[in-house]
Amino acid sequence: MSSPIRWPAEAIWEAVVADLPGFTVEVLPQIDSTNTELMRRARAGHLEPVLLVAEQQTAGRGRLGRQWFSGLEASVGATTSSLTFSLGLPLAPRDWSGLSLAVGVSVAQSLHPDLRLKWPNDIWLNDCKLAGILIETANVGDMPGARYAVVGVGINIKARDATGLATPPAWLQEVLPGIDAPQALLRLAAPLVQAIKAFEAHGFAPFQTRFNERDALGGLTVTLSDGTSGIAQGVDGVGALQVQTAQGLQKITSSEVSVRPLAPPPYEQL
């Protein structure tokens, strides 16, 4: 019989509550989607800061409605093959541009120096997708200028099946052998909250250099979803992707635009 997974909820709470008064940590054995659940709660008026962790998601979502699967594997004790969580909190930044990029910077910095950031929502290891980020917001009726932000993160911890995936998967144990989902969450949680609060106060500009240092697309020929090709040249101070095309420098701001390199990134040169 599998042993229960031991989540470091108390340690995470102690590390975060000073920055987020009223903060709680909640772990559910199964749910459709942590993002969906926090958006349901927000629309019902529950706007407290919370970290919601799911040991298994049955209808996880990524950008553009793509599915994100997570689950349990039974062995000697239960282990999670993925880490899936959502952080919900009221936010009132002057400009929301670049929030997903700032989250990516925080996650990558907390985990491993070899991780790269693919604009706008993915974290790569070599030329494979390790993690994805999904941000949604809901209105906050009694807080002018604020919205309730739900920051969802999904990370492959162990090797997973690549069937049906456009981008091959990577997993965290490739670079951190033996790490499990609870250990990864403990690394991530407090720095992520601090990064989001810094974004609220200062916007994306303080994260620009750190993103570009880990940019998976920088210097590569990329193709936009409208067929335009050009050389990716990092992001600007509000998180727009800069692409030098035959028609000049284009700044891509919409997360609905798909950007793909024409060849795998030359990681041995990074």
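Above this text you will find the structure in question.
Quick notes on the rules
Residues numbered from 1 in each chain as written. Predicted model: local features only at pLDDT ≥ 70, side-chain atom pairs only at ≥ 80, totals over all residues. Heavy atoms only, no water. Salt bridge = Lys/Arg side-chain N within 4 Å of Asp/Glu carboxyl O. Helix = DSSP H or I, 4+ residues; strand = E, 2+ residues; numbered from the N terminus. Buried < 20%, exposed > 50% of the residue type's maximum accessible area, 1.4 Å probe, protein only. Pairing = 2+ DSSP bridges. Axes fitted to C-alpha atoms, helices over the stretch in contact; angles between N-to-C directions. Contact = heavy atoms within 4.5 Å. Polar contact = N/O pair within 3.5 Å; in protein donor to acceptor, adjacent residues only side chain to side chain. Parallel < 35°, antiparallel > 145°, perpendicular 65-115°, else oblique. Left-handed = near helix turned anticlockwise from the far one by under 90°. Nonpolar A, V, L, I, M, F, W, Y, C, P; charged D, E, K, R; others polar. Expected span 1.5 Å × (residues − 1).

### As for the pattern of salt bridges
Stage number 1. Using the criterion set out here, one finds 7 salt bridges in the structure.
Stage number 2. For Glu26, the salt bridge identified is with Arg41, shortest N-O distance 3.0 Å. Pair noted here: Glu26 is in strand β1 (residues 24-28) and Arg41 is in helix α2 (residues 34-43), with a separation of 15 residues, a long-range link.
Stage number 3. In this structure Glu26 comes out as partly exposed when scored by relative accessible area, which is 25%.
Stage number 4. Linked by salt bridges that have partners in common, Glu26, Asp32, Glu37, Arg40 and Arg41 make up one network.

### Observations concerning the sheet that holds strand β9 (residues 147-156)
Stage number 1. Taking strand neighbours across the sheet as the criterion, the 7 strands line up as β1-β2-β5-β9-β8-β7-β6 in an open arrangement whose pairing is mixed. Bordering the open sheet on either side are β1 and β6 (115-118), each of which pairs with just one other strand. This sheet shows a mean twist of 20° between the axes of neighbouring strands, independent of strand direction.
Stage number 2. With 10 bridges joining them, strand β5 (residues 82-91) and β9 adopt antiparallel strand pairing. In the sheet register, Thr84 faces β9, and the bridge partner there is Gly154.
Stage number 3. Sheet strands in contact with helix α4 (residues 181-202) are β2 (50-54), β5 and β9, and its direction is about 25° off that of β5.

### Describing α2
Stage number 1. Burial runs high along α2: 7 of the 10 residues are buried.
Stage number 2. Elements that come into contact with the buried residues of α2 comprise β2, β5, β8 (128-139) and β9.
Stage number 3. For α2, the N-terminal capping position is held by Ser33, with its side-chain oxygen 3.3 Å away from the main-chain nitrogen of Asn35.
Stage number 4. Residue Gly45 follows α2 closely and has a positive phi angle near 95°.

### A closer look at unusual backbone geometry
Stage number 1. Of note, the bond from Trp119 into Pro120 is cis; its omega dihedral lies within 30 degrees of zero at 0°.
Stage number 2. Relative to the assigned elements, Pro120 resides in the loop between β6 and β7 (122-125).
Stage number 3. Of note in the backbone geometry, Asn126 takes a positive phi value of approximately 55° without being a glycine.
Stage number 4. Relative to the helices and strands, Asn126 resides in the loop between β7 and β8.
Stage number 5. Taking the relative accessible area as the measure of exposure, Asn126 reaches 43% and is therefore partly exposed.

### A closer look at the packing of helix α1 (residues 9-16) against α4
Stage number 1. As a packed pair, α1 and α4 sit with axes 9 Å apart at the nearest point and diverge in direction by 20°. As the angle between them shows, α1 and α4 are arranged roughly parallel. For the pair α1 and α4, the crossing hand works out as right-handed. Contacts between α1 and α4 involve Ala11, Ile12, Ala15 and Val16 on the former and, on the latter, Leu185, Leu186, Ala189, Ala190 and Val193.
Stage number 2. Here the contact of α1 with α4 is built from residues that sort into 9 nonpolar, no polar and no charged.

### Here we look at α4
Stage number 1. For α4, spanning 22 residues, the distance from its first C-alpha to its last is 31 Å, which sits close to the expected 32 Å at 1.5 Å a residue.
Stage number 2. The backbone nitrogen of Gln183 lies 2.9 Å from a side-chain oxygen of the residue at the head of α4, namely Asp180.
Stage number 3. Looking one or two residues beyond α4, the residue adopting positive phi is Gly203, at roughly 75°.

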